[in-house]
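# Structural overview
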Amino acid sequence: MMTVLRKEMDGFVASGALPGAVIGISSPSGEWIEAVGSSGPGGAPLPADAVVRISSMTKPLTAALTHQLAADGVLALNAPVTRWLPELAHRRVVRRLDGPADDTVPAEREATVEDLLTMRLGFGFAFEVDSCPVADLAVARGLGMGPPLPSAVQHTPDEWIAQFATLPLMEQPGRHWRYDLAYSVLGVLLARAEGKPLPALMAERLFQPLGMVDTGFSVPVRARERLIPCFTSGDDGLVVFDGTSDSDWLEPPVFPHAGGGLVSTAADYLRFGRLLLNGGSLPSDGSLPGEGDPLDGGSLLSAEAIDDLSRDHLGEEQRDGPSASIFLDGEGWGHGVQVRLDPALPRRYGWGGGLGTTWYNFPDHGVTAVLMTQHLPPLGEPILHFWKTLDELLGAA
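Calculation notes
- Residues numbered from 1 in each chain as written.
- Predicted model: local features only at pLDDT ≥ 70, side-chain atom pairs only at ≥ 80, totals over all residues.
- Heavy atoms only, no water.
- Buried < 20%, exposed > 50% of the residue type's maximum accessible area, 1.4 Å probe, protein only.
- Helix = DSSP H or I, 4+ residues; strand = E, 2+ residues; numbered from the N terminus.
- Arc of directions from axis to C-beta.
- Contact = heavy atoms within 4.5 Å.
- Expected span 1.5 Å × (residues − 1).
- Pairing = 2+ DSSP bridges.
- Axes fitted to C-alpha atoms, helices over the stretch in contact; angles between N-to-C directions.
- Salt bridge = Lys/Arg side-chain N within 4 Å of Asp/Glu carboxyl O.
- Phe/Tyr/Trp six-rings, centres within 6.5 Å; stacked < 30°, edge-to-face > 60°.
- Lys NZ or Arg CZ within 6 Å of the ring centre and 35° of its normal.

### Some details on helix α4 (residues 133-140)
Helical geometry note: an α-helix holds 3.6 residues per turn, so side chains three or four residues apart project in the same direction. Along α4, the residues that are buried comprise V134, A135 and A138. Here the buried residues of α4 occupy an arc of 100 degrees about the axis, which is enough to place them on one side. For α4, the exposed residues lying more than 90 degrees away from the buried face are V139 and A140. On its buried side, α4 packs onto β4 (92-94). Positive backbone phi, at 70 degrees, marks G142, one or two positions downstream of α4.

### Notes on helix α8 (residues 266-277)
Here α8 is 12 residues long and its end C-alpha atoms lie 16 Å apart, about the 16 Å a rise of 1.5 Å per residue gives. For α8, the buried fraction is high: 11 of the 12 residues fall into the buried class. Where α8 is concerned, the buried positions are A266, A267, D268, Y269, L270, R271, F272, G273, R274, L275 and L276. Of the residues one or two after α8, G279 is the one with positive phi, at around 70 degrees.

### As for the sheet that holds strand β2 (residues 30-37)
With antiparallel pairing, the 7 strands of this open sheet are ordered in space as β2-β1-β13-β12-β11-β10-β9. A single partner strand is all that each edge strand has here, and the edge strands are β2 and β9 (332-333). The sheet contact formed by β9 and strand β10 (residues 338-339) spans 2 bridges and is antiparallel. Across the sheet, residue W333 finds its bridge partner in β10, namely Q338. Set on the sheet, α8 makes contact with β1 (20-27), β2, β11 (349-353), β12 (357-362) and β13 (367-372); between it and β13 the angle comes to about 155 degrees.

### Description of the sheet that holds strand β7 (residues 237-242)
The sheet built from 3 strands is open, its strands ordered β7-β6-β14 with mixed pairing. Two strands bound the open sheet, and with one partner strand each, they are β7 and β14 (375-376). Relative to β7, strand β6 (residues 230-234) runs antiparallel, the two sharing 5 bridges. Following the sheet pairing, S233 is matched in β7 by L238.

### Some thoughts on the environment of V213
Examined against the element boundaries, V213 turns out to sit in the loop between α7 (198-210) and β6. Judged by its relative accessible area of 29%, V213 falls in the partly exposed class. When the C-alpha atoms of V213 and P378 are compared, they prove to be 25 Å apart, with 165 residues separating the residues in sequence.

### Describing the pattern of salt bridges
The tally for this structure, following the rule as stated, stands at 24 salt bridges. With its nearest N and O atoms 2.7 Å apart, the salt bridge here joins R109 to D115. In this structure R109 comes out as partly exposed when scored by relative accessible area, which is 37%. D115 sits in the buried class, given a relative accessible area of 3%.

### Thoughts on unusual backbone geometry
Following Y179, the chain continues to D180 via a peptide bond in cis, the omega torsion being -5 degrees. You can see D180 is positioned in the loop between α5 (157-164) and α6 (182-194). Residue P377 follows L376 across a cis peptide bond; omega there is -10 degrees. Along the chain, P377 falls in the loop between β14 and α12 (380-396).

### Quick word on the packing of aromatic side chains
One pass over the full model with this rule turns up 18 aromatic pairs. Here the aromatic rings of F125 and F127 are separated by 5.5 Å at their centres, their planes lie at 10 degrees, and the arrangement is stacked. By relative accessible area, which is 16% here, F125 ends up buried. Overall, F127 belongs to the exposed group, its relative accessible area being 52%. An aromatic cluster is built from F125, F127, W177, Y179, F327, W333 and W351, whose rings are joined through pairwise contacts. Positioned above the aromatic ring of F164, the side-chain terminus of R91 is 5.8 Å from the ring centre.

In structure tokens form, the structure reads like this:
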């Protein structure tokens, strides 16, 4: 399996379509992490332990943390968010997505924690209209509606939620699936519910028990030499979007973005993927690659929580909605993950990041896989080809 996937990615590197990529596979027969290509044009060979910006692959980890706190009784998924975020009481909703931001009606109900997990809060990207005044206000108030750079949001979590509370919603809570501001709200809620900053909370509940030593909202000092640049396309080829010596991820962010703020490695993320496949615990033999003091046969999530996280929660109309049709391509959405619905293809769930990273679990095959690149927007053909090839390999197994 790994030989075939590496050969495919080698071909994209040789053609110049892809500078380099890290491939990670964990299956019942073993784990492999390999790098192909370089960190950039004329750069050094890409290391297999490269630190990358995983952007929206942060969402599945945030969803897992939410289930952990729910299991502890710290919060409930069906509880209104105003229990922890009173600023969001008495919401108003614009009459039209492309209409004036002050032409509103009352919200029919309060949003719940579940609405945040499933991105049915009623606020996010509105690509289906030429103009959206309320989205323009969100941009003007620095709420992070653009590329995932930590420096784009200079509000503390309390300041951020106060600013968001001044805006009406785009639609009634629970009605539509809309990417992706709900996870920014969720991060503030989790920190308040537990009374602890989100970076510390994630480290204590997930990263440290799992041995995810290179994962966090900023690059650990000891791992900075392994951070690789992120590129975008310019008129004359690749242009640096975020570098290494001056990266936006070198210092802790003012606003820890629960929907897209983490850096990680292939090895670290495989540990999280394996946690979900193993029913919430890791094997006591420590077979996954990584460092630190990994969880030794203990449990971090219940099987019920993982089932809830990895199943589709959307109705057909929501899956076909304008935002979902762009991001989900007809597939379902669980808690922080896309859920494949096509029974003719191997069952899978997972998600990708807007800077070129993707991860999926294939529960019927016991396989978790990651593909780590660094390009804004993601390099479509190599990434799609990688997962199509893996589907074919698993379908033939």
